[in-house]
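Residue strings, one per chain:
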Amino acid sequence: MERNFTKDYIEISNEFRKSNASKESVEKLYDLLYDLQSSSRTKNEDLTLSNLYSLLGFHQSAYETFKSVADLTDRKNTSKLYVMEEKA
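What counts, and at which threshold
Residues numbered from 1 in each chain as written. Predicted model: local features only at pLDDT ≥ 70, side-chain atom pairs only at ≥ 80, totals over all residues. Heavy atoms only, no water. Helix = DSSP H or I, 4+ residues; strand = E, 2+ residues; numbered from the N terminus. Contact = heavy atoms within 4.5 Å. Salt bridge = Lys/Arg side-chain N within 4 Å of Asp/Glu carboxyl O. Buried < 20%, exposed > 50% of the residue type's maximum accessible area, 1.4 Å probe, protein only. Expected span 1.5 Å × (residues − 1). Core = buried A, V, L, I, M, F, W, Y, C linked by side-chain atoms within 4.5 Å. Axes fitted to C-alpha atoms, helices over the stretch in contact; angles between N-to-C directions. Parallel < 35°, antiparallel > 145°, perpendicular 65-115°, else oblique. Left-handed = near helix turned anticlockwise from the far one by under 90°. Nonpolar A, V, L, I, M, F, W, Y, C, P; charged D, E, K, R; others polar.

Tell me about unusual backbone geometry, and please be specific about residues and values.
Positive phi is not limited to glycine here, since Asn20 has a value of about 55°. Secondary-structure assignment places Asn20 in the loop between helix 1 (5-18) and helix 2 (23-38). Look at Ala21: it is not a glycine, yet its phi comes out positive at around 60°. One can find Ala21 in the loop between helix 1 and helix 2.

Let's hear about the side chain of Thr65: which residues, and what values?
Positionally, Thr65 belongs in helix 4 (residues 59-69). When neighbours within four sequence positions are excluded, Thr65 is seen to be in contact with Asp46, Leu49, Ser50 and Tyr53.

Give a description of the pattern of salt bridges that names residues and reports values.
This structure, assessed with the given rule, holds 7 salt bridges. Linking Asp46 and Arg41 is a salt bridge whose minimum nitrogen-to-oxygen distance equals 2.5 Å. By relative accessible area, which is 33% here, Arg41 ends up partly exposed. A salt bridge links Glu64 to Lys67, with the nearest nitrogen and oxygen atoms 3.8 Å apart. With Glu64 and Lys67 both in helix 4, this residue pair falls 3 residues apart, about one helical turn.

Before we move on, could you go through helix 3 (residues 43-56) and cite the residues and values that matter?
An α-helical turn contains 3.6 residues, so any two residues separated by three or four positions project in the same direction. Along its 14 residues, helix 3 runs 20 Å from first to last C-alpha, staying within 8% of the 20 Å computed at 1.5 Å per residue. Residues of helix 3 that are buried include every one of Glu45, Asp46, Thr48, Leu49, Ser50, Leu52, Tyr53 and Leu56, and no others. Packed against the buried residues of helix 3 are helix 1, helix 2, helix 4 and helix 5 (75-87). Just past helix 3, the residue Gly57 takes up positive phi, approximately 90°.

Describe in detail the nonpolar core, supporting the description with residues and values.
Of all hydrophobic cores here, the largest spans 18 residues; its most connected members are Leu29, Leu32, Leu33 and Leu52. Elements that contribute at least two residues to this core include exactly helix 1, helix 2, helix 3, helix 4 and helix 5. Not counting chain neighbours up to four residues away, the residues in contact with Leu32 comprise Arg3, Phe5, Asp8, Tyr9, Ile12 and Leu52.

Describe the packing of helix 3 against helix 4, and please don't skip the residues or the numbers.
Axis separation between helix 3 and helix 4 bottoms out at 8 Å; the angle between their running directions is 160°. Comparing the axis directions of helix 3 and helix 4 gives the class roughly antiparallel. Viewed along their axes, helix 3 and helix 4 form a crossing whose handedness is left-handed. Here Lys43, Asp46, Leu47, Leu49, Ser50, Tyr53 and Ser54 of helix 3 come into contact with helix 4, specifically with His59, Ser61, Ala62, Thr65, Phe66 and Val69. A per-class count over the contact of helix 3 with helix 4 returns 6 nonpolar, 5 polar and 2 charged.

And the structure:
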């Protein structure tokens, strides 16, 4: 059975926010990051990786990852890409 990275990201990021970035939640985020980086990813998993980079403050990596999979015909994606570029 394949791992559902998106579901894991949602659960861990919620824990991270609720615990005010506790050490344990940060460790879980990094574990998820390393697992995602080492897997062969789908487009959806690349979006999750981009969100994970952004949450951890790696804005350049988040921007680069999102740029590679963003649908630029969608205004929301274009807007998000612009915000990410500004942060990067």
